[in-house]
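# Overview (structure and organization)
Here is how the chains run, residue by residue.
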Amino acid sequence: MTDRILEFLDARRREGRDCGPCLVLDLDVVRDNYLGFAKALPDTRVFYAVKANPAPEVLSLLVRLGSCFDTASIVEIEQALAAGATPDRISYGNTIKKERDIARAFALGVRLFAVDCVAEVEKIARAAPGAKVFCRILCDGTGAEWPLSRKFGCAPEMAASVLECAHRLGLAAHGVSFHVGSQQRNPRRWDGALKAAANIFRDLAERGINLQMVNLGGGFPTRYLKNVPAIRTYGQAILRGLAKHFGNRIPETIIEPGRGMVGNAGVIEAEVVLVSRKSEDDPLRWVYLDIGKFNGLAETADEMIRYPIRTEADGAATAPCVVAGPSCDSIDVLYEKEPYFLPVSLEIGAKVLIEGTGAYTTTYSSVGFNGFPPLESFVI
Ligand SMILES: *Cc1c(COP(=O)(O)O)cnc(C)c1O
């Protein structure tokens, strides 16, 4: 929460324009986050994960600050280009790409691609001849609040043959990538992945192929209800891991922060639509907001991300509530397994502020389930 965001919301209210729900994102916080990453890992290039929040103002600020961009589709590549990024600052980091999209990215000038199997290497060799590829390895998401499962990456033992195939097909076998799981609260989780990466570097060196780059992925957390370590703690742990596993042959490194770049820059203003109980003597209140899983808060799936919710009655007595969204789908319940403590005096019509919502909210909002519009967004 920043004063600029509060002033913006106040001004809108005074003008009688408070409709909501809406996200307000403060670019000063994004700038601070970028500078924090650059300071914590001074020799590492930053590739902002565009999917976290592709607002044009965010992308052009990051272009001005010197950031590069991790993209997952042609539209994201075009968004980064439109913000002023040159194609040499764009990575096509999705391991799952149509061959015609690879060709389109290549035509737009993109030369850096992610792979995790031979079939994807073959597509790139055909559609983007001579490009650089890095192989993503599997990483178990222990310690992450939003783990990324087994969908991306191959076993480290397989990565060497994937990269060797790339080399054979005329591509530049450039390096190794991993992602330790989003909202990773344990800085030591990079160590094991760095060890696996160093083994792949050695294995390929023995085959005459010199890899250059380790992509350290995203995973840097933002603060929700629980405290998280500072970004410099992550930087120190990563630098230690690099020295430990690569010795004096430290490779080029990049990071791909998404949540850590924009999460704490955003606040959603929402409204209480209904407060009710399921029976006369049920102590548990149900608090229904005008925002839910389909118009911005998809990351409450399985109650994984628990956002701080501020109300005007904060400080007064609280009681546990089920918090739910406004739509007619029964999965649109935000917190129930672990009820959420909200003020007893919270009433219908009250405004609430949901903090830490700069990442993965506007992009996860549906085009209009039940007629609820996509999440409105203001960048200040
Ligand atoms: C989503 C994603 C990121 C960003 O992850 P955060 O946890 O938000 O930092 C980085 N790299 C890749 C390949 C991704 O898919």
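Everything that follows concerns the structure shown earlier in this document.
Our subject in this report is the structure included herewith.

Cut-off values and rules
Residues numbered from 1 in each chain as written. Predicted model: local features only at pLDDT ≥ 70, side-chain atom pairs only at ≥ 80, totals over all residues. Heavy atoms only, no water. Helix = DSSP H or I, 4+ residues; strand = E, 2+ residues; numbered from the N terminus. Buried < 20%, exposed > 50% of the residue type's maximum accessible area, 1.4 Å probe, protein only. Contact = heavy atoms within 4.5 Å. Core = buried A, V, L, I, M, F, W, Y, C linked by side-chain atoms within 4.5 Å. Domains from an automatic or database assignment. Near = heavy atom within 4 Å. Polar contact = N/O pair within 3.5 Å; in protein donor to acceptor, adjacent residues only side chain to side chain. Nonpolar A, V, L, I, M, F, W, Y, C, P; charged D, E, K, R; others polar. Lys, Arg positive; Asp, Glu negative; His and termini not counted. Salt bridge = Lys/Arg side-chain N within 4 Å of Asp/Glu carboxyl O.

## Quick look at the side chain of Asn215
In this fold, Asn215 is placed in strand E10 (residues 213-215). Exposure remark for Asn215: the relative accessible area of 0% places this residue in the buried category. With sequence-adjacent residues up to four places away left out, Asn215 is seen in contact with Phe134, Val176, Ser177, Phe178, Ile254 and Glu256.

## Digging into the nonpolar core
Core analysis: the largest hydrophobic core is formed by 77 residues, its most contacted members being Tyr48, Phe113 and Phe178. Here this core gets 9 residues from one element, more than from any other, and that element is helix H8 (residues 189-206). Three or more residues apiece are contributed to this core by two domains, here domain 1 (3-23 + 264-379) and domain 2 (93-257). One finds Trp146, Ile268, Leu297 and Val323 within the second-largest nonpolar core, a separate group that totals 23 residues.

## Some points on the site of the ligand
For the ligand, the set of nearby residues contains 13 residues, the closest of which are Lys51, Ser182, Glu256, Arg259 and Tyr360. At 2.9 Å from an oxygen atom of the ligand is found a main-chain nitrogen or oxygen belonging to Gly258. Class assignment for the residues of the shell around the ligand results in 3 nonpolar, 5 polar and 5 charged.

## Digging into the side chain of Arg12
Mapping Arg12 onto the fold places it in helix H1 (residues 3-14). One buried charged residue, Arg12, remains without a salt bridge, the closest side chain of opposite sign being Glu376 at 4.5 Å. For Arg12, the residues in contact, after removing those within four places along its chain, are Arg17, Asp18, Cys19 and Phe378.

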